[in-house]
Amino acid sequence: MSEHNDHVYFVNQLYRDFLLPTILGGDTPAILYWAGKRITRKYALSEFEDLSEFFKMAEFGNLTIVKERRSSVIFSLSGQPISDRLAAGSREFSMESGMIAEAVEQNRGRSAEAEIAIDDKKETVQITAFF
């Protein structure tokens with residue numbers, strides 16, 4: 001990992017895995033989900049390519065579409081940032097989930113919510129957006 005990437009990862013880990021949970025307590029997942037939706041609106045990330053690029057730039061991981069169904073879209077989040085976070089015991093992906101839900105909602109023009117499933121063996125996070 002480059003020095004820049006190490007710095008971004010450290011900052012992400014500091015605020016997401018220590019500072020925000022300390023401040024927000026048990027409300028952390030719900031607030032981060034809502035914050036993720038707001039981020040997608042603020043940065044106009046309704047197109048998958050834009051959302052995927054934002055995830056790379058923010059060191060959130062590599063975002064890919066796994067499968068599109070009539071009432072859902074399944075995404076995979078992978079890469080070194082995900083492996084590192086899982087190895088460090090971080091299992092909080094609510095912000096990413098909220099961002100994806102909002103992007104799908106804007107893109108499809110239908111209300112959407114997203115769920116998270118972590119695959120420790122593959123070191124990936126699957127996020128399914130239902131609409």
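Residues numbered from 1 in each chain as written. Predicted model: local features only at pLDDT ≥ 70, side-chain atom pairs only at ≥ 80, totals over all residues. Heavy atoms only, no water.

Caption draft 1: Up close: the packing of helix α2 (residues 28-42) against helix α5 (residues 94-108). At a minimum axis distance of 6 Å, the contact between α2 and α5 shows a crossing angle of 45°. The angle between α2 and α5 places the two elements in the oblique class. Classified by chirality, the crossing of α5 by α2 is right-handed. Across the interface between the two elements, P29, L32, Y33, G36, K37, I39, T40 and R41 from α2 touch S94, M95, S97, G98, M99, A101, E102, A103, E105 and Q106 from α5. Split into classes, the residues belonging to the contact of α2 with α5 amount to eight nonpolar, six polar and four charged. (Axes fitted to C-alpha atoms, helices over the stretch in contact; angles between N-to-C directions. Helix = DSSP H or I, 4+ residues; strand = E, 2+ residues; numbered from the N terminus. Parallel < 35°, antiparallel > 145°, perpendicular 65-115°, else oblique. Left-handed = near helix turned anticlockwise from the far one by under 90°. Contact = heavy atoms within 4.5 Å. Nonpolar A, V, L, I, M, F, W, Y, C, P; charged D, E, K, R; others polar.)

Caption draft 2: Here's a closer look at helix α4 (residues 80-87). For α4, the buried fraction is high: six of the eight residues fall into the buried class. Listed as buried for α4 are P81, I82, S83, D84, R85 and L86. (Buried < 20%, exposed > 50% of the residue type's maximum accessible area, 1.4 Å probe, protein only.)

Caption draft 3: Here's a closer look at the pairing of strand β2 (residues 72-78). With six of seven residues buried, β2 is to be regarded as a mostly interior element. In terms of strand pairing, strand β1 (residues 62-68) meets β2 through six bridges, oriented antiparallel. Considered in β2, the bridge of K67 is made with I74. Counting the residues that bridge the hairpin from β1 to β2 gives three residues. Sheet analysis places β2 next to strand β4 (residues 124-130), joined by six bridges and oriented antiparallel. (Pairing = 2+ DSSP bridges.)

Caption draft 4: Spotlight on the sheet that holds strand β3 (residues 113-119). On the basis of which strands lie adjacent, the open sheet formed by four strands has the order β1-β2-β4-β3 and antiparallel pairing. The two strands at the open ends of the sheet, each matched to only one other strand, are β1 and β3. Averaged over all neighbouring strand pairs, the angle between strand axes comes to 25°, with direction disregarded. Where β3 and β4 come together, seven bridges link them in antiparallel fashion. Bridge pairing links E115 to T128 in β4. Of the strands in this sheet, β2, β3 and β4 touch α4, which is tilted by about 105° from β4.

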